[in-house]
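Descriptive structure summary
Residue strings, one per chain:
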Amino acid sequence: MRLKYIIISIVFICLFTQSIPFVQANTTASNLYTFERYVQEQRYPQAMQTLEQIDENMINTVRKIQPSRVNFVEILITNNLNHLLDENITGSEKLKMAQQLVVMYDALITTDAPLWHRWKNDLEKNIETILNEKTIDDQQSEKIIYRWDVISPVLSMYLPEEEYSELESIFTNFRLKTTEEQHSELQSVFNQMSLINLETIQNNQLQSYSEWLLVIVIGFIFLTLSYVGWVRYKAETKVNHTN
């Protein structure tokens, strides 16, 4: 009976410990939205202060939930901190960097990545409108490139390198293309983007994470049983030696 309680306690502790990062992540995400609002209002000193207050929590949360993605978040945090007060950077660029960070963090801590999907849907609608109208102007081009820039850091984490590089190349060189070439490439991009399901990718990753957690729990149980067996063996050996 005592061994049963020990095993249950170990499982409970493991599960409780793993739930803490998700609670912290929700609190940090709320402050991150405040940071984005400050940037949008061009209140850069307040935005800087807010990000400095939560950057460590963001990194620690991602390290616990998705440790292989920490470097991506660190880069975006550094970019924001380095450029928020730079007068040579436009307000639009500062807002884009802030939105990149918000969208990426949301994608890392939520299984359905609602912000990323919203931006992706907006991009697809812009592309579809252009394809249907068969025209494109500078304002439409800017909207498409801006939305791509916001979601691209997330895609760089999840897509195979070759697939991501192909998409990145299209948007990077988009302004240099003729109208006919732009339409042709937009059709290709639209087809590729429609096939990208971030939720499926994340669910596969979550399954791997759950399997990893199960291995840890089983490992703890095995060690506990081994320790209990060793203690019992030592006690029986001592009794037999005494007799």
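Residues numbered from 1 in each chain as written. Predicted model: local features only at pLDDT ≥ 70, side-chain atom pairs only at ≥ 80, totals over all residues. Heavy atoms only, no water.

**A short note on unusual backbone geometry**
Put simply, the rule is: Each helix is a run of H or I in the DSSP string that is no shorter than four residues. Each strand is a run of E no shorter than two, and both are numbered from the N terminus. Exposure classes here rest on a 1.4 Å probe applied to the protein chains alone. A residue is buried below 20% of its type maximum, exposed above 50%, and partly exposed in between.
With a phi close to 60°, Gln42 is a non-glycine residue in the positive phi region. The topology assignment puts Gln42 in the loop between helix H1 (2–40) and helix H2 (44–65). The exposure class assigned to Gln42 is exposed, which follows from its relative accessible area of 53%. One non-glycine residue, Ala113, lies in the positive phi region at around 45°. Assignment of secondary structure puts Ala113 in the loop between helix H4 (91–109) and helix H5 (114–133).

**What to know about the layout of surface pockets**
Which entries qualify depends on this criterion: We place a 1 Å grid over just the protein atoms. Points where a 1.4 Å probe fits but has no way out form a cavity, open points with protein on both sides within 12 Å along at least 5 of 7 lines form a pocket, and any residue with an atom within 4 Å of a point lines it. Grid points are joined across faces, edges and corners, and a volume is the space filled by probe spheres set on the points. Three classes are used, and their members are as follows: Ala, Val, Leu, Ile, Met, Phe, Trp, Tyr, Cys and Pro are nonpolar, Asp, Glu, Lys and Arg are charged, and the others, Gly among them, are polar.
By volume, the second largest pocket amounts to about 250 Å³. Those elements giving two or more residues to the lining of the second largest pocket turn out to be helix H3 (70–83), H4 and helix H6 (138–158). When the residues that make up the lining of the second largest pocket are grouped by side-chain class, the tally is seven nonpolar, four polar and two charged.

**A short note on the pattern of salt bridges**
Keep this limit in mind: Any carboxyl oxygen of Asp or Glu that lies within 4 Å of a side-chain nitrogen of Lys or Arg is treated as forming a salt bridge with it.
According to the stated counting rule, one finds seven salt bridges in the structure shown. For Glu74, the salt bridge identified is with Arg63, shortest N-O distance 3.9 Å. Separated by 11 residues along the polypeptide, Glu74 in helix H3 and Arg63 in helix H2 bring together distant segments of the chain. Classification of Arg63 as partly exposed rests on a relative accessible area of 40%.

**Observations regarding the confidence of the model for the protein**
Using the following cut-off: What pLDDT conveys is the predictor's confidence in a given residue, as a value from 0 to 100. Between two residues, a contact is recorded if the distance between any of their heavy atoms is within 4.5 Å.
Taken residue by residue, the protein gives an average pLDDT of 79. The fraction at 70 or more is 70%. When pLDDT is averaged over each helix and strand of the protein, the minimum, 54, is found for helix H9 (residues 198–242) and the maximum, 96, for H3. Between residues 6–23, whose pLDDT stays under 50, and residues either more than four places distant or in other chains, the model counts 17 contacts.

**Notes on the nonpolar core**
Keep this limit in mind: Nine residue types can take part in a nonpolar core, namely buried Ala, Val, Leu, Ile, Met, Phe, Trp, Tyr and Cys, and a core is a set of them joined through side-chain atoms within 4.5 Å.
Membership of the largest hydrophobic core comes to 60 residues, with the highest contact counts inside it found for Leu32, Phe35, Met58, Leu101 and Leu155. Broken down by secondary-structure element, the contributors of at least two residues to this core are H1, H2, H3, H4, H5, H6, helix H7 (161–172) and helix H8 (179–195). Once residues lying within four places of it in the same chain are set aside, the contact partners of Met58 are Thr28, Leu32, Leu51, Val73, Ile77, Leu101 and Tyr105.

**Thoughts on the packing of aromatic side chains**
Stated precisely, the cut-off is as follows: Aromatic pairs are defined between Phe, Tyr and Trp rings, using the six-membered ring for Trp, whenever the two ring centres lie within 6.5 Å; interplanar angles under 30 degrees are classed as stacked, those over 60 as edge-to-face, and all others as tilted. Whether a charge sits over a ring comes down to the Lys NZ or Arg CZ being within 6 Å of the ring centre and within 35 degrees of the ring normal.
Counted by the stated rule, this structure contains three aromatic pairs. The ring of Tyr38 carries the charged tip of Arg37 above its face, separated from the ring centre by 5.1 Å. For Lys94, the ring lying beneath its charged end belongs to Tyr44, and the centroid distance is 4.1 Å.

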